[in-house]
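# Breakdown of the fold
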Amino acid sequence: MKLEMFKSKLHQMRVTEANLMYEGSITIDEDLLDMANILPYEKVQVVNITNGSRLETYTIPGERGSRVCCLNGAAARLTQVDDRVIVMAYAHMDAEEARNYKPTVVIVDENNEPKDILDEVTHGKKYGLENGLIENPD
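Nothing here was measured: the structure is a model prediction, and the numbers come from that model. (Residues numbered from 1 in each chain as written. Predicted model: local features only at pLDDT ≥ 70, side-chain atom pairs only at ≥ 80, totals over all residues. Heavy atoms only, no water.)

## Some details on the overall build of the protein
Within the protein, the regular secondary structure consists of two helices and 11 strands. Sequence-ordered secondary structure for the protein, helices as α and strands as β, is β-β-β-α-β-β-β-β-α-β-β-β-β. For the protein, with 138 residues in total, the buried portion stands at 46%. For the protein, restricting intrachain contacts to residue pairs at least 6 apart in sequence, the fraction spanning at least 24 positions comes to 73%. Summed over all atoms, the accessible surface of the protein reaches about 7,600 Å², with 48% contributed by carbon and sulfur. (Helix = DSSP H or I, 4+ residues; strand = E, 2+ residues; numbered from the N terminus. Buried < 20%, exposed > 50% of the residue type's maximum accessible area, 1.4 Å probe, protein only. Contact = heavy atoms within 4.5 Å. Areas by Shrake-Rupley, 256 points an atom, 1.4 Å probe, with all protein chains shown as cover.)

## What to know about the UniProt feature "modified residue: Pyruvic acid (Ser)" (unreviewed entry) in the protein
Following the UniProt record, the feature "modified residue: Pyruvic acid (Ser)" (unreviewed entry) maps to Ser-25 here. Along the chain, the position of Ser-25 falls in strand β3 (residues 25-29). Other than its neighbours up to four places away in sequence, Ser-25 contacts Thr-57, Tyr-58, Ile-60, Cys-70, Leu-71 and Asn-72. (UniProt positions renumbered as here; feature names shortened; annotations may be inferred.)

## Some thoughts on the sheet that holds strand β5 (residues 54-62)
With respect to topology, nine strands assemble into an open sheet ordered β2-β6-β3-β5-β4-β7-β1-β8-β9, the strand pairing being mixed. Edge positions in the sheet fall to β2 (17-19) and β9 (114-118), since each of these pairs with one other strand and no more. Looking at each pair of strands side by side, their axes are set apart by 30° on average, direction ignored. Examined bridge by bridge, β3 and β5 share four bridges and lie parallel to one another. (Pairing = 2+ DSSP bridges. Axes fitted to C-alpha atoms, helices over the stretch in contact; angles between N-to-C directions.)

## Here's the deal with the nonpolar core
One finds Leu-10, Met-13, Ile-26, Ile-28 and Val-87 to be the most contacted residues of the largest nonpolar core, which totals 20 residues. Mapped by element, the contributors of at least two residues to this core are β1 (2-14), β3, α1 (30-35), β4 (43-48), β6 (69-72), β7 (84-94) and β8 (104-108). Considering every element that reaches this core, the biggest residue donor is β7, with three residues. Other than its neighbours up to four places away in sequence, Met-13 contacts Ile-28, Leu-32, Val-68, Cys-69, Asp-83, Arg-84, Val-85, Val-108 and Asn-112. (Core = buried A, V, L, I, M, F, W, Y, C linked by side-chain atoms within 4.5 Å.)

## Brief notes about the UniProt feature "binding site: substrate" (unreviewed entry) in the protein
According to UniProt, the feature "binding site: substrate" (unreviewed entry) maps to Thr-57, Gly-73, Ala-74 and Ala-75 in the numbering used here. Taken together, the annotated residues stretch across 19 residues yet fold into one region, lying no more than 10.2 Å apart by C-alpha. Taking relative accessible area as the criterion, Thr-57 reaches 14% and is therefore assigned buried. Discounting residues that sit within four places of it in the chain, Thr-57 has contacts with Gly-24, Ser-25, Ile-26, Glu-42, Lys-43, Val-44 and Val-46. In this structure the side chain of Thr-57 is engaged in a polar contact, spanning 3.4 Å, whose partner is the backbone nitrogen of Ser-25. On the secondary structure map, Ala-74 appears in the loop between β6 and β7. (Polar contact = N/O pair within 3.5 Å; in protein donor to acceptor, adjacent residues only side chain to side chain.)

Given below as structure tokens:
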């Protein structure tokens, strides 16, 4: 039996563009995709922290170093520039692999600059909606 498991995510991405006239997808800086272990054209779930919408689409690699996060096509109707989103990828694993797998979590700041890369999920109090990772949560 295969289980669908959380594989990786880009947490607190700030939407930099919304392009309604594009055919569809989410464009993300290819450096960020690499850090999060998400491939170009991989199916992802996008959860909008700002307005609560959720959608599925696929990634398109954006220019390296640009820190772009652009929702394209119909997804642009569910997002506005400056919304904060979580981009999550999943993988099918057998039970043994799933028990030992540690997802990759890339936390970004308000400019989509990586602030922390985790190989495990941590408690949410370390993160703020406005700027992602809180440097000194205590």
